[in-house]
Amino acid sequence: MNIEVLDDADAVALRAAETLVEVVEEARADQRPASVALSGGSTPRRLFRILADVFRGRVDWERVRIFFGDERNVAADHEDSNYRTARELLLSKVPIREDRIHRMEAAGEEIDRGAASYEEALRRFLPRANGDVPVLDLVWLGMGDDGHTASLFPLTRALEVVDRWVVVNEVPQLGTRRMTLTFPLLNAARRVQFLVTGRGKAAIVQDILGRDILGGESGRAGLTYPAARVLPASGQLDWLLDREAAAELKADG
Ligand code: 6PG
């Protein structure tokens, strides 16, 4: 596990953008497009802007295939849509092939059929690891202040799914349903990168990553948070934090 504490949210976004350049070059060596799952929420907005601006010429967009980590139960043009945010800030501004952008169809009642067709898209366009799980090259994730990630919220059914890669998850905390990738898929990825910023996340970052709890009595506290259960089997796990989100992390020893 790689934990990087960076000066601020812009530095976190920059580091993530640099990771995409690395991942696309690695995939080029294997002569295939790099598959990237975008996270939702507000944190990635800086990343999308940097990718569309400073990094527009540094990423070989012809070699990128886009998936999403989760989607709200809204239409693609709804202000809450993760797809709409990515489309407006990034996908409409870079030369990525339309047939390589895989939107989660999650509006209204289509969400159930949408999850089934998304599973088919993952199966069709991604290489497989042992156990037949599709392998994403890079998954960007955020973390909520309750420790959720993607739409894997505490105490929800999707946390226990072991035989599907994308599901519709009832989220009573929000009184809604969401489409979300599941732990089996997240943990099969070659690289998973959390982008977590802001003082509001510091306590949970400490619960999950704090040096003094890994393996200790309160170490189990971290495992109650869904974000703590993203532990790639063989892939690289990065936590990119700004100083505010890392404010409660205790040093080693
Ligand atoms: C979503 C995200 C969700 C997000 C966290 C953090 O659809 O909202 O996938 O998991 O990453 O809630 O959100 P912020 O980046 O806005 O803090």
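As a reminder, the structure under discussion sits directly above these lines.
The structure reproduced in this document is the subject of the present report. (Residues numbered from 1 in each chain as written. Predicted model: local features only at pLDDT ≥ 70, side-chain atom pairs only at ≥ 80, totals over all residues. Heavy atoms only, no water.)

Examining the pairing of strand β7 (residues 176-181)
Thinking step 1. Taking burial as the measure, the six residues of β7 include five buried ones, the bulk of the element.
Thinking step 2. Where strand β4 (residues 70-72) meets β7, three bridges bridge the pair, whose relative direction is antiparallel. Its bridge partner being in β7, Glu71 is matched across the sheet by Met179.
Thinking step 3. Sheet topology places strand β6 (residues 166-171) next to β7; six bridges connect them, and they run antiparallel. Following the sheet pairing, Asn169 is matched in β7 by Arg178.
Thinking step 4. Taking the residues that link successive antiparallel strands as the turn, the β6-β7 hairpin has four residues, and the phi of Gly175 there is positive, at about 60 degrees. (Buried < 20%, exposed > 50% of the residue type's maximum accessible area, 1.4 Å probe, protein only. Helix = DSSP H or I, 4+ residues; strand = E, 2+ residues; numbered from the N terminus. Pairing = 2+ DSSP bridges.)

Points about the sheet that holds β4
Thinking step 1. The sheet built from three strands is open, its strands ordered β4-β7-β6 with antiparallel pairing. Either end of the sheet is taken by a strand with one partner, and the two such strands are β4 and β6. Neighbour to neighbour, the strand axes of the sheet diverge by 25 degrees on average, direction disregarded.
Thinking step 2. Relative to β7, helix α4 (residues 110-125) is tilted by about 5 degrees, and along the sheet it contacts β6 and β7. (Axes fitted to C-alpha atoms, helices over the stretch in contact; angles between N-to-C directions. Contact = heavy atoms within 4.5 Å.)

Focus on the pairing of strand β2 (residues 34-38)
Thinking step 1. Most of β2 is tucked away, with five of its five residues classed as buried.
Thinking step 2. Here β2 shows a buried face lined by Ala34, Val36 and Leu38 and a second buried face lined by Ser35 and Ala37.
Thinking step 3. Bridging between β2 and strand β3 (residues 64-68) involves five bridges; their strand directions are parallel. In the sheet register, Val36 faces β3, and the bridge partner there is Ile66.
Thinking step 4. In the classification by handedness, the crossover that spans β2, the intervening helix α2 (residues 44-52) and the parallel β3 is right-handed. (Right-handed = clockwise from strand over helix to strand, strands pointing away.)

With respect to the side chain of Asp70
Thinking step 1. Secondary-structure assignment places Asp70 in strand β4.
Thinking step 2. There is a polar contact of 2.5 Å between the side chain of Asp70 and the side chain of Ser151.
Thinking step 3. Residues contacting Asp70, with those up to four places away along its chain left out, are Gly40, Asn82, Met104, Ala150, Ser151, Arg178, Met179 and Thr180. (Polar contact = N/O pair within 3.5 Å; in protein donor to acceptor, adjacent residues only side chain to side chain.)

What to know about the site of the ligand
Thinking step 1. Every one of the 15 residues lining the ligand counts as a neighbour, but Ser42, Thr43, Asp70, His148 and Ala150 are closest to it.
Thinking step 2. Contact between the ligand and Ser42: an oxygen atom at 2.6 Å from a side-chain N or O atom of the residue.
Thinking step 3. With respect to the ligand, the side chain of Thr43 contributes an N or O atom lying 2.6 Å from an oxygen atom.
Thinking step 4. Its residues assigned to classes, the shell around the ligand comprises two nonpolar, nine polar and four charged. (Near = heavy atom within 4 Å. Nonpolar A, V, L, I, M, F, W, Y, C, P; charged D, E, K, R; others polar.)

Concerning unusual backbone geometry
Thinking step 1. The residue Gln31 is not glycine, and still its phi comes out positive at about 55 degrees.
Thinking step 2. By the element assignment, Gln31 lies in the loop between α1 (9-29) and β2.
Thinking step 3. In this structure, Leu155 takes a positive phi of about 65 degrees despite not being glycine.
Thinking step 4. Checked against the element boundaries, Leu155 lands in the loop between β5 (138-141) and β6.
Thinking step 5. Taking the relative accessible area as the measure of exposure, Leu155 reaches 85% and is therefore exposed.

Things to note about the nonpolar core
Thinking step 1. One finds Leu51, Phe68, Trp140, Leu181 and Trp239 to be the most contacted residues of the largest nonpolar core, which totals 81 residues.
Thinking step 2. Ranked by the residues each element gives to this core, the list is headed by α1, at nine residues.
Thinking step 3. Those residues in contact with Phe68 that lie beyond four places of it in its chain are Ala37, Leu38, Asn82, Tyr83, Ala86, Leu91, Ile101, His102, Arg103, Met104, Tyr118 and Leu181. (Core = buried A, V, L, I, M, F, W, Y, C linked by side-chain atoms within 4.5 Å.)

Thoughts on the packing of aromatic side chains
Thinking step 1. On inspection of all chains with the given rule, the structure shows three aromatic pairs.
Thinking step 2. Ring geometry for Phe194 and Trp239: centres 4.0 Å apart, planes at 15 degrees, overall stacked. Of the two residues, Phe194 sits in strand β8 (residues 191-196) while Trp239 sits in strand β9 (residues 236-242), which places them 45 residues apart along the sequence. Of the two residues, Phe194 and Trp239, both sit in the buried class.
Thinking step 3. Across the ring face of Tyr83, the terminal group of Arg103 is positioned such that the distance to the ring centre comes to 5.7 Å. (Phe/Tyr/Trp six-rings, centres within 6.5 Å; stacked < 30°, edge-to-face > 60°. Lys NZ or Arg CZ within 6 Å of the ring centre and 35° of its normal.)

Points about the sheet that holds β2
Thinking step 1. Read from one edge to the other, the open sheet built from six strands follows the order β1-β9-β8-β5-β2-β3, with strand pairing classed as parallel. Single-partner strands in this sheet number two, and they are β1 (2-6) and β3. Pairwise comparison of adjacent strand axes, ignoring direction, gives a mean angle of 20 degrees for this sheet.
Thinking step 2. In this structure, β2 lies alongside β5, joined through two bridges in parallel fashion. Considered in β5, the bridge of Ala37 is made with Val139.

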